[in-house]
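For reference, the chains in residue letters:
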Amino acid sequence: MSQHLTPYVPGKKSFPPLPASLLASWEAIAPSTDGKLAYRPCSVALTNGTAVPCVYVMDAQSYIDAWGVWPEDDKGKRHISIADVASICESPFRLPPRFANELYRAGESGMGYCIFTLVFSDRTEQVCLSGNAVDFVQLPNGKSVADLVAVIPHKGRNAPYVESPKYSWCLFGEGNSSIKSFRHV
């Protein structure tokens, strides 16, 4: 079966607003930034009791301005409704903002991916592979983000690597984009 490119216009979408009960905890998460885009790498508890440790909770307009396709229209993205979120806290898998910001400033390593090396206080290193959102990392057993002393953008292309954990998007508010693009169907 061959894939075809079809025109795609994101258009306008309305998501539920960020509930007032979640606003303070969401704002308490220090963002990392990629240009004008502020990422808040969260862990959320859903109303059904499920914990989801890697979630970007973001306003819809900022998301669509940066990514150009709604998460539910992109087969490579996962999404959660803000209406299903009971609580928000900082993700235990997030890079400290200063390291994530360094990676965002360095830009992608290749088309649609970033490769980088984490350096720990005991001088061990781990190579990581992610998409263009770099905040979530899988750490070696016995290590925490407190053990990180540096990141080295683009280092590790020919080394064994670990992939970033799977993450979801959780949008709130309204977003509108008329930018046309193409997608595979």
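Attention in this report is confined to the structure presented alongside it. Every chain is numbered on its own, with residues counted from 1 as its sequence reads. Confidence filtering applies because this is a predicted model: local features only for residues at pLDDT of at least 70, side-chain atom pairs given and counted only at 80 or more, and all residues used for totals across whole chains, interfaces and linings. Side-chain numbers come from the whole structure's heavy atoms, not from hydrogens or water.

**A closer look at the sheet that holds strand β8 (residues 114–120)**
The condition is simple: Strands are treated as partners if at least two bridges between them are detected by DSSP. Strands here are runs of E lasting at least two residues and helices are runs of H or I lasting at least four, both read from the DSSP assignment and numbered beginning at the N terminus. In this description, contact between two residues means that some pair of their heavy atoms is separated by no more than 4.5 Å. Axes here refer to lines fitted to C-alpha atoms; in helices the fit is confined to the stretch in contact. Angles between the N-to-C directions go from 0 to 180 degrees.
Across the sheet, four strands lie side by side as β10-β8-β9-β11; this open sheet has mixed pairing. What marks the edges here is a single partner per strand, and that holds for β10 (148–153) and β11 (162–163). Taken strand by strand, helix α3 (residues 97–106) contacts β8 and β10, and its axis lies near 10° from that of β10.

**Things to note about empty space enclosed by the protein**
What counts here: In this analysis, the protein atoms alone were mapped onto a 1 Å grid. Cavities are point sets where a 1.4 Å probe fits without being able to get out; pockets are open sets with protein on both sides within 12 Å along at least five of seven lines; lining residues have an atom within 4 Å of a point. Grid points are joined across faces, edges and corners, and a volume is the space filled by probe spheres set on the points. Gly falls in the polar group here, along with every residue not listed as nonpolar (Ala, Val, Leu, Ile, Met, Phe, Trp, Tyr, Cys, Pro) or charged (Asp, Glu, Lys, Arg).
As enumerated under the stated definition, the model contains one cavity of 30 Å³ or more in all. The calculated volume of the largest cavity comes to roughly 40 Å³. Lining the largest cavity we find Leu-103, Ala-106, Gly-107, Ser-109, Cys-114, Ile-115, Phe-116, Val-134, Pro-153 and His-154. Take the lining of the largest cavity: its biggest share by element is three residues, from β8. Class assignment for the residues of the lining of the largest cavity results in seven nonpolar, three polar and no charged.

**Side note on the nonpolar core**
As a reminder of what qualifies: In these notes, a set of buried Ala, Val, Leu, Ile, Met, Phe, Trp, Tyr and Cys residues joined through side-chain atoms within 4.5 Å is what counts as a nonpolar core. Note on exposure labels: buried denotes an accessible area under 20% of the residue type's maximum, exposed denotes more than 50%, and partly exposed covers the range between, all computed with a 1.4 Å probe on protein chains only.
Among the nonpolar cores identified, the biggest contains 32 residues, and Tyr-56, Trp-70, Leu-95, Phe-116 and Leu-118 are the most heavily contacted of them. Sorting the residues of this core by element identifies β4 (37–39), β6 (51–59), α2 (60–67), α3, β8, β10 and β12 (168–172) as the ones contributing at least two each. Sequence-distant contacts of Tyr-56, that is, excluding residues within four places in its chain, are made with Tyr-39, Arg-40, Pro-41, Tyr-104, Ala-133, Val-134, Asp-135, Phe-136, Tyr-167, Ser-168, Trp-169 and Cys-170.

**Digging into the sheet that holds β6**
Spatial ordering of the open sheet is given by β7-β5-β6-β12, a layout of four strands whose pairing is mixed. The strands lining the two open edges of the sheet, one partner per strand, are β7 (85–90) and β12. Mean inter-strand twist for the sheet, computed between neighbouring axes without regard to direction, equals 45°. Here strand β5 (residues 41–46) runs beside β6; their pairing, made up of four bridges, is antiparallel. Each residue of the ladder has a partner; that of Cys-42, found in β6, is Val-55. Of the strands in this sheet, β6 and β12 are in contact with α2, which crosses β6 at around 90°.

That's the geometry; what it means functionally is another story.
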